[in-house]
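Chain by chain, the residues:
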Protein chains: 2
Amino acid sequence: MLRQGHLRIVAISIAMFLLAPLAAGAATATLPSWNDDAARRSIVDFVEAVTTAGGPDFVAPAERVAVFDNDGTLWGEQPMYVQLAFALDRVREMAPQHPEWSTTEPFKSALAGDFAGIAASGDKGLLELVAATHAGMTSDAFTQIVSNWLATARHPKTGKPYTSMVYQPMLELINYLKNNGFQVYIVSGGGIEFMRPWTERIYGIPPENVVGSSIKSKFEDTEGAPRIIRLPDINFIDDGAGKPIGIYQHIGRRPIAAFGNSDGDFQMLEWTTSGPGRSLGLLVHHDDAAREYAYDRQSHFGRLDRGLAEGPQRGWTIVSMKDDWKQIYAP
Amino acid sequence: MLRQGHLRIVAISIAMFLLAPLAAGAATATLPSWNDDAARRSIVDFVEAVTTAGGPDFVAPAERVAVFDNDGTLWGEQPMYVQLAFALDRVREMAPQHPEWSTTEPFKSALAGDFAGIAASGDKGLLELVAATHAGMTSDAFTQIVSNWLATARHPKTGKPYTSMVYQPMLELINYLKNNGFQVYIVSGGGIEFMRPWTERIYGIPPENVVGSSIKSKFEDTEGAPRIIRLPDINFIDDGAGKPIGIYQHIGRRPIAAFGNSDGDFQMLEWTTSGPGRSLGLLVHHDDAAREYAYDRQSHFGRLDRGLAEGPQRGWTIVSMKDDWKQIYAP
């Protein structure tokens, strides 16, 4: 047994020697796109506190749940939500088969790219838009439609694919948390099935870790080829006070870290940071007109008002994209 | 570099030498409570096929999703579902505060333990029972109520805690799949929040990997202490054709292995085994009156009729508890 013990020590020593340069490289590379200021420090302090075994704030890995909003937090939401751009493109593509759309709302406004007109059609109009563009096909067909669209669609301002316009500092944050034993989820107001086809490839977050809004669906067993059909009825709206409910239904644990950018994330941060033990709430403030967009209290998409007013006194970190991020997108 | 390469090989060789006895031990211990017959072989053949790198049936670990029904598949469901026993105990406990229950259905029948009377009150009666026993409290309070009950409740026939009456061969199967890179989920007709407090401790399946039926809930932000309140409205019934939908909503991947015991699991197995690539469907047949219970086509709880009739021709494994399992419960 002594000999085995010796061999084990030799093996461990050799392994440590071989791996040491890698580990040192990883340590210096923590959050490299973040300036070394208060925002970055609040993240690192939190992660070090909850991962220090024996420390007063230690949290077991299974309970290290981190939730990220998507639109405006991980990728852009201006000049409109990406999923809205998808819906409008779908309407344009399907319009030849629906001549009546040229004179009926909300399709007339959708075809004209007239947001005010779409908004004027109210919830009923929005639901009709969702029904026409997101329902009536199988689950597999919808996945394919989303994947095909994302492969060819381009952002109207930059001309780049939407999936290349994800925020590099947030990608680093996701990886930093995962490397520290966190379970990372997306909890988005966007459609769950609109996100799942690509979140693993783009963010490293697998489909089962995506929570979002959804329409209903049904299982059909016709002619021995079972399929899931998407229905034109709202199932769940994962926004505002819906986000803690989405978390309860889907994850079943209270997060200890929550990341958002709009008032639609307020209750998610509130729920997260009012739990027992140490927690982290963080809001990304879009204040960088030169490198991205600058908007908050008056924005149609991603309005941030209450979060700016109450966030600091609640101990939440407010990230200035302009001051806290060295770069917005991956080079 | 040559020297580092040599050291690496030495380290790996030593590590393999040290770990070899452990690996051999693990191999001989695969599914030890299963008799070495066709049922066990169908499982092992499947797992070896989908985990053999380069083989025709190889499935990447991320796509190795296995789903297990709970009642009758992982633990017992006779003489009634455990959750129904919980509801009846809750009614008895709360009855002193509800004198009207002694004369109104379904509470009168519930207090008398009269299943036929409860069933006669229909969906409306069942919903009233659920509302009275599962709603009206916070999420945290319900977790505590379930945990307290499970710690003291005893099975009427054996006098043992319900959590000790889980099927040892199925525990081994869960571990065997996890050890082979599978993601293991529960997909149960039972209440998701009734299961989550204990599935990790008993089965090694964490709360986020539990899919089930649910009632609605709402987020309340009163007096700075946010909380989630459980509401007396059905949200989702995860049974029959609902199971593929629960899988679609919650997991977002099609499973490659599904394990059940009743016709409520039929569509889950159908969806799983009609996917592309190799798959496994398995039904546990309760045919062991001596060691557990014997029931199928005529049972009130866990009826198995269509599955017995169609399962074999669909290539599903039918497990005889009597013939295929060396033991039912952990010793």
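Residues numbered from 1 in each chain as written. Chains lettered and ligands numbered in written order. Predicted model: local features only at pLDDT ≥ 70, side-chain atom pairs only at ≥ 80, totals over all residues.

A. Examining the overall build of chain A more closely. For chain A, the helix and strand inventory stands at 14 helices and seven strands. Principal-axis analysis of the C-alpha atoms places the extent of chain A at approximately 85 × 55 × 40 Å. In chain A, which comprises 331 residues, the share counted as buried stands at 40%. Taking contacts inside chain A between residues at least 6 apart in sequence as the whole, the part at least 24 apart equals 62%. (Helix = DSSP H or I, 4+ residues; strand = E, 2+ residues; numbered from the N terminus. Buried ≥ 20, exposed ≤ 12 C-beta atoms within 10 Å, placed from the backbone. Contact = placed C-beta atoms within 7 Å.)

B. Seen up close, the pairing of strand β2 (residues 183-191) of chain A. Residues and elements named next belong to chain A. With nine of its nine residues buried, β2 lies for the most part within the structure. Strand direction decides the pairing type here: strand β1 (residues 65-68) and β2, joined by four bridges, are parallel. When the sheet's bridge partners are listed, F68 is paired in β2 with I186. Bridge count for β2 against strand β3 (residues 210-222) is three bridges, and the pairing is parallel. Paired with G191 across the bridge in β3 is S213. (Pairing = 2+ DSSP bridges.)

C. Structural view of the confidence of the model for chain A. Residues and elements named next belong to chain A. Summarising the model, chain A shows a mean pLDDT of 92, and 92% of its residues fall at 70 or more. In the predicted structure, residues 1-27 sits below a pLDDT of 50 and forms 17 contacts with residues beyond four places in sequence or in another chain. Two summary scores accompany this predicted model of the complex, namely pTM at 0.91 and ipTM at 0.90. (pLDDT = per-residue confidence, 0-100.)

D. Up close: the packing of helix α3 (residues 82-94) of chain B against helix α6 (residues 122-134) of chain B. All names here are of chain B. Contact geometry of α3 with α6 gives a least axis separation of 9 Å together with a crossing angle of 70°. Taken together, the axes of α3 and α6 are roughly perpendicular relative to one another. For the pair α3 and α6, the crossing hand works out as left-handed. Here α3 contributes A87, R90 and V91 to the contact with α6, which in turn contributes L129, A132 and T133. (Axes fitted to C-alpha atoms, helices over the stretch in contact; angles between N-to-C directions. Parallel < 35°, antiparallel > 145°, perpendicular 65-115°, else oblique. Left-handed = near helix turned anticlockwise from the far one by under 90°.)

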